[in-house]
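# Observations on the three-dimensional arrangement
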Amino acid sequence: MRYDQIDSKLFIKNRKSFMAGMKPNSLAVFNANDIYPIGADSTMPFQQNRDLFYLSGVDQEEAILVLFPDAPKPEHREILFLTETNAHIAVWEGAKLDKQKALEVSGIETVYWLQDFEKIFFEVMTQCETVYFNTNEHYRANVQTETRDERFIKWCKEKYPAHQVAKSNPILQRLRSVKDPIELDLMQKACDITEKAFRRALKFTKPGVWEHEIEAEYWHEMIRNRSRGFAYTPIIASGNNANVLHYTENNQQCKEGDLILLDTGAEYANYSSDMTRTIPVSGRFSERQKQIYNAVNKVKKEATKWLVPGTIWAEYHKEVGKLMTSELLDLGLLDKADVQNEDPKWPAYKKYFMHGTAHNIGLDTHDYGILTEPMKPNQVFTVEPGIYLPDEGFGIRLEDDVVIQKEGEPFNLMRNIPIEIEEIEEIMNS
């Protein structure tokens, strides 16, 4: 891995917290992600199952983690199964984790090779009553490929039909949404890399460059700073492309007078950042562009203040909607009749701001978090209002990542990334 080794005390703590939420005499199983094929002998770059990584720090394919806090044998309370490394693998792929290195990374003392899994697993299954399965229950999940966890669940239910089953996801949703200080440091690192890449893009952008050329500048800066690259597919949307919310083609030429919406965040050590800025191709905003930009920035600043302990996510979005409605009235984009006659299920402001304002972020860009529960300190949320004007040929979105504090306003992990019009123009014209 490119990133510095993470202190294993994070993963030791995470496992302890997870096991505290398990039923008596139960065990939980977590599988690594597959390496997904493209065609012929080509594969997609490996990315680890975030739950397995959260609990072990192991960033290697085919790993299996078993947690059994009430195991009769103390050495079976935490078990890691790995592919046995050898000289052949070392030559062709690079050495995998050996047992000592696995201990250093994860803090798990009991490490077996994968060929021993079924034998050891049979032993522990005869000693437990309930098995926790790991399933993806994120509210945005749309998985069309059978995962390694899903294949394991089928196999386990067939081989051990008499066991009770439980879900690991509700425990992980709560745990993963509240970040440890080590995690916050990693997320700050991801945001700092994003800052460097954005400043590079500001210097590079001018009329005539192509969206994918700006994307290449980001890639260069991210990789040279030990990131794997973007935490998600980047949006480099010039002109009217900004009004396509998930525009990812990035294949158009940037024209003088247009704006470019840059939704671009680096990852670091599997942790995400998620930033959006909107900049002028020519280095200067027009008066109309400034008017809309300042309205979005005003909503963002006010909406950020409301990310405090006790806030309910759904209510937060309603309040931000009221803020945006006020701005759109001032801009003349809405009138009082639009608001008075609006459909409560799709308020008038949604014509110009149709998406949500905040989501959890962490190991996943849209991270785990139970949105019906009040916000807690050390949860990290994005703040991302926007106004989209296809008839005028531009859209503006601004987005930062902030950490909820015990008291007061949240801490902005992107506080050093330029956002004010004057600073963006100054850098672009320096």
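So, here is what we can say about the structure in this document. Keep in mind that this is a model prediction, so the values were computed, not measured.

Turning our eyes to something else, we now look at helix H1 (residues 9-20). Structural remark: α-helix, 3.6 residues per turn; residues separated by three or four positions point the same way. For H1, spanning 12 residues, the distance from its first C-alpha to its last is 16 Å, which sits close to the expected 16 Å at 1.5 Å a residue. Taken together, the buried positions of H1 are Leu10, Phe11, Asn14, Arg15, Phe18 and Met19. Buried positions in H1, seen along its axis, are confined to an arc of 160° and lie on one side of it. Turned more than 90 degrees away from the buried face of H1, the exposed residues are Lys9, Lys16 and Ala20.

Moving on, we come to the sheet that holds strand E6 (residues 110-113). One open sheet accounts for six strands, arranged E6-E5-E4-E1-E7-E8; its pairing is mixed. Both edges of this open sheet fall to E6 and strand E8 (164-167), since each of them pairs with a single strand only. Strand-to-strand twist across the sheet, computed as the mean angle between neighbouring axes with direction ignored, equals 25°. In the sheet, strand E5 (residues 78-82) pairs with E6 via four bridges, with the strands oriented parallel. Looking at the pairing, isoleucine 79 lines up with threonine 110 of E6.

Pairing within the open sheet is antiparallel, and its three strands lie in the order E9-E10-E13. Because the sheet does not close on itself, it has two edges, and the strands there are strand E9 (235-238) and strand E13 (276-280). For this sheet, the mean angle separating the axes of adjacent strands, direction not counted, is 15°. Strand direction decides the pairing type here: strand E10 (residues 259-263) and E13, joined by five bridges, are antiparallel. Each residue of the ladder has a partner; that of leucine 261, found in E13, is threonine 278.

Parameters and conventions
Sequence positions are assigned chain by chain, starting from 1 and proceeding in written order. pLDDT decides what is reported in this predicted model: residues at 70 or higher carry local features, side-chain atom pairs at 80 or more are listed and counted, and totals for whole chains, interfaces and linings draw on all residues regardless. Neither water nor hydrogens contribute to the side-chain values; these are computed over all heavy atoms in the structure. Secondary structure elements follow DSSP: runs of H or I of four or more residues count as helices, runs of E of two or more count as strands, with numbering from the N terminus. By definition here, a helix of n residues has an expected span of 1.5 Å times n minus one. For every residue, the accessible area (1.4 Å probe, protein chains only) is compared with the maximum for its type, and the residue is labelled buried under 20%, exposed over 50%, or partly exposed between those bounds. Along the arc lie the directions from the helix axis toward the C-beta atoms. The criterion for strand pairing is that DSSP finds at least two bridges linking the strands in question. Structural elements are reduced to axes, namely lines fitted to C-alpha atoms, with helices fitted over the stretch in contact, and the angle between N-to-C directions of any two is expressed from 0 to 180 degrees.

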